[in-house]
Amino acid sequence: MKNQLLLKLTCMVFVLLAFTGFAQNKKITGTVTDRSNMPLPGVNVIVKGTSNGASTDFDGNYSITTTTGQTLVFSYVGFKTKEVVVGNTTTYNVSLETDNAQLDEVIIVGYGTQKRSDVTGSVASISQERLEEKPNTNFAQALQGALPGITINQNSSSAEQNDVSILIRGRNSINASNSPLIVYDGIPYSGTLADINPNDIKSISVLKDASATAIYGSRGANGVILIDTKKGKRGKPKISFSSYSGYNEIANIPEIYDGQGFAAFKETREPNELTSSEIDKLIAGEYTDWLDLATRTGFKQDHNLSVSGATDRTNYYVSAGYQDVKGIAINDEFKRGSLRANVNIDITDDLKFGSSTQLTRIDRSGLSPSFGSESAGAYFTNPLTSAYDEQGNLTVNPWPEDEFFENPLGPTLADNTDISFKIFTANFIEYKFPFIKGLSFRLNTGVEYNSRNESRYWGLNTARGFRSNGEARLENWVSSNFLLENILNYNRTFGDHTIAFTGLYSSQKNEYESNRTTGVGFQSDLLTHYQLEQALSLTHRTIFEQTTLVSQMGRLNYNYKSKYFATFTVRRDGFSGFGDDEKYGVFPSVALGWKVSEESFFPKEGIVNNLKLRFSYGENGNQAVGPYDNLSRLTDRSYLNFEETAPGFIPSQLANNGLSWETTATYNLGVDLGILKNRFNLSIDAYRARTSDLLLDRLIPSVHGITEVTQNIGETQNQGIEIALGGAIVDAKNFNWKASGNFSYNENEIVSLFASDQDDIANGLFIGQPISSNYGFKFDGIWQQNDDIANSAQPGAVPGDVRVLDVNNPVDDAGNPILGISANDDRVIQGQRDPKVIWGLDNTFTYKNVSLNIFMHGVGGVTKRNTTKDENVFGGVRRNWYVLDYWTPDNPINTFHRNHQDANINNVGFFEKADFIRIKDISLSYKFNESLFGDSNGSLKLYFTARNLFTITDWDGLDPELNSQRSVPLQKEFILGLNLTL
Amino acid sequence: MKKYMKFIIKSYGAFLALLLTIVSCSDNFLEQNTPHIIAADNLYVDEAGFDAGLNGLYALARMERAGVPTDNSPSGSSNNLIAAMMMGGTDIIYGNRPWNSERFLNDWGDQVIGGDAQTYFSKTWNWLYEIINASNTIINRAENSGSLNIDDQSLKRIIAEARTIRAWAYRHLTYLFGDVPLNVNESTGENIRLDWERDAVSAIKAQMKEDLEYAAINLPENHTNNGKIVRAVAQHYLAELLIEEGDYPAAITVALATINGPKALVTSRYGVNSGNPGTPYTDMFLEGNANPSQGNTEALWVFQNAYEVEGGEGHNIMRRWFMSEYSSTSGGAPGLTVTVDRGGRGQTRLSATKFMLDLYDKDINGNVVDDRGSEFAWRTFFTIKPEDPSSAGTVGSNIALDFTPVDPLGDRFRPYTRKWDWSHDIDVRSTRSYNDQVYLRLADTYLLLAEAYFKNSDSENAAKYINELRSRANAPFVASGDISLDFILDERARELFSEEQRRYTLLRNNKWMERTNMHNINASGKLTDRDKLYPIPQSFIDANLDNKIENNVGY
């Protein structure tokens, strides 16, 4: 694999060399100035279609050699590019116009688009480049570290890499979901991240403050991610082919004992406990490296072909994509094939039709080994046991004397197919009323249909199948989502006043059904799941959910002289899942903007050339209750009549007619700056969001026979600051360096909980503390030999044991302090699991045709329990463990306990900083000269990308970002790819 | 072109108007579609619906022999056997594994307040009130079902079943916790109360008596479904309640009616194992023999379980808790192979005290003569098989369990009752059991009758009915002069070991502290008056915000 890559890289270098060297025979000189005749230093002057270039000196003068008929291209950051055809003269003085392209960039804001410079809310967007040249399996990976205020956490590692959590501006909700609403081509999207092919995405906008998200009403509180797919551009058909492939390796695994090390550890811990099969293995030197068996070098390939273009009345984009990933866990595979057709047609001058349609097939077949399971985890399984029997088959129980343990590789023997299909189609017709200028009507429809079918069979060669005499399972999921939107738009400029009004009336219906049939007890394994009807026993489970939403929304944008801006929105949502008394909610917002730099008093020639202030306030909802949480329900408790099922039910949920959404009220203050003629752009946002009517499971007296009801009680608050800065640091003739960075800080706090305002210790919730607080005994070092243990709070401790921080010493009735460690008095909060600080830094260096991109990303203020130190090898040393530095009388360290089962009987957690800095991506690309394609306007780029190459962290476990420290490890990826456009 | 445009405008306008009408007119668009949801309103509408509600009650009741459910899970765990807190810490049963959750049954003192014990109490409390709410729902709705098409007899039968189980749940609550809130209404979203009070045991007993008297008339004498309760069950618990209230003549009348009803003691060999050595007494506990339809005439209430059948999972861990862990190589056990005929795999969590093991009559050679203490009822030795490790002994030789010391802790090779032996042949190491188990037997009613006669100063009749049990068990007869309260309690232990809620029996007779101190060396001297009741769970006290609940004295 590696050799192949090297070969490809070498070829690339030769190709580079082949395209240099051009004819030069005429010297051209001149001066470049701006509109006010000020000379511009550092302007790039290039002969079009070549790498032949120069740049202006301090006085704006340049000199370049070329031939008659060639075109000179003058480019400078913050100014519009100008082209001049070389004629008979040799002097060309050029004046460049300032360019507000960055500010004039149009971004999607929900139910329409807006010029970036006119936006009053807090909206962040990322460019198409971030989605290309990176081995992203889904778009969330492209967002990680790219935008301020957005925390993307890769919870676990797998081929699909779909286990990602997205938090926008912190965690509002305790029980309800904190995931943002995703709107895909205008349609609220309910599918998985993996269903969207990142190559089809044109732009992503993230709406963060209340005024931007209020248009999504009861679903906007966690922020909104808007994704639009590509459209065709006017001109001849453009054919694009992009392709990459590469391999993956394990980034890091803490050291685990091999057979010899394990035996030594076991002998130290519990002498003479080695069983005879372990001794045999030890003598023979046959050690099983379970993690090695469970993992491999992963492989990934991704190919996309698209055709796009536009004629007078039609524009189109059609694409096909295929991705195939073999994960670093064996048998962990992910294959996605997708097709997309986007078409827009102007039927008449006033009537438009558009369609954006996607078909996706995903194949997730195959089960991975078990990594973290207590009885079968690859991390834990005794290395002195056998993965294979004498016939070379996987053992069911690898340790003959201890049948508790199952072979971690067992699941790979299960017969599993898992195929999903998705249809997503968004269609609209738009009609401009000819008799009222600026008025148009648009009918949007969205249909999403997803079906997933999975079959599994565990034969007698797996522990699970062995226990049940074969187990077969068939499961299917069908989900659908229908949306109908009536939108009225009115846009008009009257003199200095510009008005844009959007009115919406919409309805949406979501449906989900899953059916699972499990059969156990089969005659043989031969027919796998196809013999389900012959099962000894069949059980069936159905889940059905349906929700409906009816909404009205109005938005008014107003600006005066493009100087003063105001946006008012109000949305009313009715949701079926709320209680009968609370079906409807109203969500208002207001935002104001002032472009200070448009004022006459604003200095025109200052460092800051553009300044805009923004303020917004609004309310948003989180409707994340289950579809039937408001209803009284019974639950299944079936009994028997002889050997037959006798259906049985008991009450399980009380009705709650008052159940409603959570409300988040947000203030946002922002400032946008353009510096040095927009060479640098800076945005700063500060916000405070308070969520009330929190959906909490509240305990009620158990005499009711039911112990909990979900109610709208409690409050949380998030406040923070976000900074984004970007620009061209160096912009010279052959070299430029662009950088962009972002930083955000968020403070999360529980303001109140139940009516009595008490901490909810059972659920780890504390007023005044973040939702994701760690709570427990605090590690206070190790008891040493000279310590006065007998008179301490832990008189039963032995030197080498963990010392618990004795926080409080309550007094008894007589006023004497009660020594001792107790859960009531000595547990404390130890940091939070969600980061306080997130940042990203993106640097791109371009020298002639070669470009190097380095993207770093980091989080700070995170504390997590390092479970690799929660040493538990079971009594009798039945599990393997990480190689840890134990305390001994000769090694009296204060960081870790002695090698003994009872050394940490209070189960004190080792909470460690999980801050990290990750060199996320390093990409090196080479862009071929356009002349390669003659007049056809084509382009070709080759690139090499390495992902997750380095991580700087104090964290001792598997990885600071992953949730489980005993899961598939994080992977390094090495990718070689090309983008070709014709 | 102009014409064409006009046409479009017109037709489009019409289309638009139509769409808006469609959306806006559907006011019921937000109504919830719930084709799959079972709620009280759509279940309790016919006899089958009420029977489904009753099935739910039976499924819950059998959890007495499961572990207390873990958080957010309807299933029983394999730890914290609910029945342990009703049977253990008595004269005849102690916790063998001193470091496990049941250690409070030996140590009492602070262990009753500690975390593991708290879980025991709160989960058991929640489980019982869950049963009470489910019963209340059935009773309330059946009593107000005038408009439904259910015949009167069926309706009475439905109410009688639910009232019996409600009384059964309150029996547990009063014995475990003393005064508890009396709730006889279906819980709804509208009647959530935060001001519950503890009602006196006497008030709860009055309700139980009313329920059981109703059921003793309206339950059928027999039922085609083996798992359902019959009239004798209500009569049995009514007789016990009457004894407690001191109304011995009434208790005698009810108990006599029960034993003269359709149920009868098993006095001869029957069923699946009748061709092999065994005893009538032990036949009742074998899989295939437990149910009335299988010939068990003595069974009043049988817990139904079945492997890999929906509704068959009772999470039963009686075997796990009482059987010796003979497969271990520590705690004195020889590491024998787990097999089906050995009854599966055990954990030795609860063991019989030495006092219990010595209770059975012996002949002059020291051999037990009582069938209830025979090798068919108690495992006292294993015969080494070829599949056992060679270290265990010669194949065919016997290896005796550890009989001699007094109530050792951590002894995994202790003699144990074979009532719960069972294993399925698919997975012999399975944690749970899936055999049907007798929960209440007529023999218990005989012993209640004897107790009532004795307390009514009629030792003659007390001896008569005890001797019917002894006759069946081939134990020597007892003379009326030898009858005493202690003798009756001993006899109950011999007959009903690990079946009766021993703690309740002793508390009813005010004998718990005396006999436990005398016969259980692990708990001896550690009991206080406080321990006659368990603490009211803190989780209930905390949630009852509007009325501060006083806990039992000493907690």
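The paragraphs below set out a description of the structure included in this document.

About the thresholds
- Note on numbering: residues in each chain are counted from 1, in written sequence order.
- All chains are assigned letters beginning at A, and all ligands numbers beginning at 1, according to the order in which they are written.
- Local features in a predicted model are, by the rule used here, given only for residues with pLDDT of at least 70; side-chain atom pairs are given and counted only at 80 or more, and totals for whole chains, interfaces and linings are based on all residues.
- Here the side-chain values reflect all heavy atoms present in the structure, with hydrogen atoms and water set aside.
- Strands are runs of DSSP state E lasting at least 2 residues, helices are runs of H or I lasting at least 4, and numbering of each runs from the N terminus.
- Partly exposed describes any residue whose relative accessible area lies between the buried limit of under 20% and the exposed limit of over 50%, with all areas from a 1.4 Å probe on protein chains only and scaled to the type maximum.
- Only heavy atoms enter the contact rule, under which two residues are in contact if any of them lie within 4.5 Å.
- To be clear on the numbers: accessible area is Shrake-Rupley with a 1.4 Å probe, and residue cover counts the displayed protein chains and nothing else.
- Any Lys or Arg side-chain nitrogen located within 4 Å of an Asp or Glu carboxyl oxygen qualifies as a salt bridge.
- Within this analysis, patches are made of residues with over 30% relative accessible area and no salt bridge. Like charges are joined at 9 Å or less; nonpolar side chains (Val, Leu, Ile, Met, Phe, Trp, Tyr) at 5 Å or less.
- Buried surface area refers to the total accessible area, computed with a probe of radius 1.4 Å, that the two partners give up upon joining, counted for both partners together.
- Any pair of N or O atoms that falls within 3.5 Å is considered a polar contact. Within protein, one atom must be able to donate a hydrogen and the other to accept it, and sequence-neighbouring residues count only if both atoms are side-chain atoms.
- When residues are sorted by character, Ala, Val, Leu, Ile, Met, Phe, Trp, Tyr, Cys and Pro go into the nonpolar class, Asp, Glu, Lys and Arg into the charged class, and all the rest, Gly among them, into the polar class.

Some details on the overall build of chain A
Right, so step 1: Of the regular secondary structure elements, chain A holds nine helices and 50 strands.
Right, so step 2: Seen through its principal axes, chain A has C-alpha atoms that stretch 100 × 70 × 70 Å.
Right, so step 3: Classification of the 982 residues of chain A by burial places 54% in the buried group.
Right, so step 4: Contacts in chain A between residues at least 24 apart in sequence constitute 68% of all its contacts with a sequence separation of at least 6.
Right, so step 5: On chain A, roughly 40900 Å² of surface is accessible, and the fraction owed to carbon and sulfur atoms is 53%.

Section: the pattern of salt bridges
All names here are of chain B.
Right, so step 1: What the rule picks out here adds up to 95 salt bridges over all chains.
Right, so step 2: When the shortest N-O distance is used, the salt bridge between Arg470 and Asp361 registers 2.5 Å. With Arg470 in helix H15 (residues 459-472) and Asp361 in the loop between helix H13 (354-357) and strand E6 (378-379), this residue pair connects regions lying 109 residues apart in the sequence.
Right, so step 3: What makes Arg470 buried here is its relative accessible area of 3%.

Digging into a nonpolar patch on the surface
All names here are of chain A.
Right, so step 1: A surface patch of nonpolar side chains, amounting to about 440 Å² of accessible area, comprises Ile239, Phe241, Leu305, Val307, Val318 and Leu982.
Right, so step 2: Topologically, Leu305 is positioned in strand E18 (residues 298-310).
Right, so step 3: What makes Leu305 partly exposed here is its relative accessible area of 44%.

Quick word on the interface of chain A and chain B
Right, so step 1: Chain A puts 73 residues into the contact, and the matching count from chain B is 76 residues.
Right, so step 2: The contact between chain A and chain B buries some 6300 Å² in all, and 64% of this surface belongs to carbon and sulfur atoms.
Right, so step 3: Its largest share of buried area at the contact with chain B, chain A owes to Tyr639(A), Val703(A) and His704(A), together 13% of the area lost on that side.
Right, so step 4: Applying the counting rule to chain A against chain B returns 19 residue pairs in polar contact (both at pLDDT 80 or more).
Right, so step 5: Here the side of chain A that touches chain B gets seven residues from one element, more than from any other, and that element is strand E26 (residues 537-560) of chain A.
Right, so step 6: Here the side of chain A that touches chain B is built from residues that sort into 37 nonpolar, 25 polar and eleven charged.

Notes on the side chain of Thr90(B)
Residue and element names in this part refer to chain B.
Right, so step 1: Considering the arrangement of structural elements, one finds Thr90 in the loop between helix H4 (84-87) and strand E3 (93-95).
Right, so step 2: For Thr90, a relative accessible area of 0% gives the class buried.
Right, so step 3: In terms of polar contacts, Thr90 uses its side chain to reach the backbone carbonyl oxygen of Met87, at 2.8 Å.
Right, so step 4: In contact with Thr90, other than residues within four places in its own chain, are Thr353, Arg502, Arg503, Leu506, Trp512, Thr516 and Asn520.

Some remarks on unusual backbone geometry
Residue and element names in this part refer to chain B.
Right, so step 1: The backbone phi angle of His315 is positive, close to 55 degrees, even though this residue is not glycine.
Right, so step 2: Take His315: it is sitting in the loop between strand E4 (299-303) and helix H12 (318-322).
Right, so step 3: On the accessibility criterion, His315 (10% relative accessible area) is buried.
Right, so step 4: Here the phi dihedral of Ser457 falls at roughly 65 degrees; this positive angle occurs in a residue that is not glycine.

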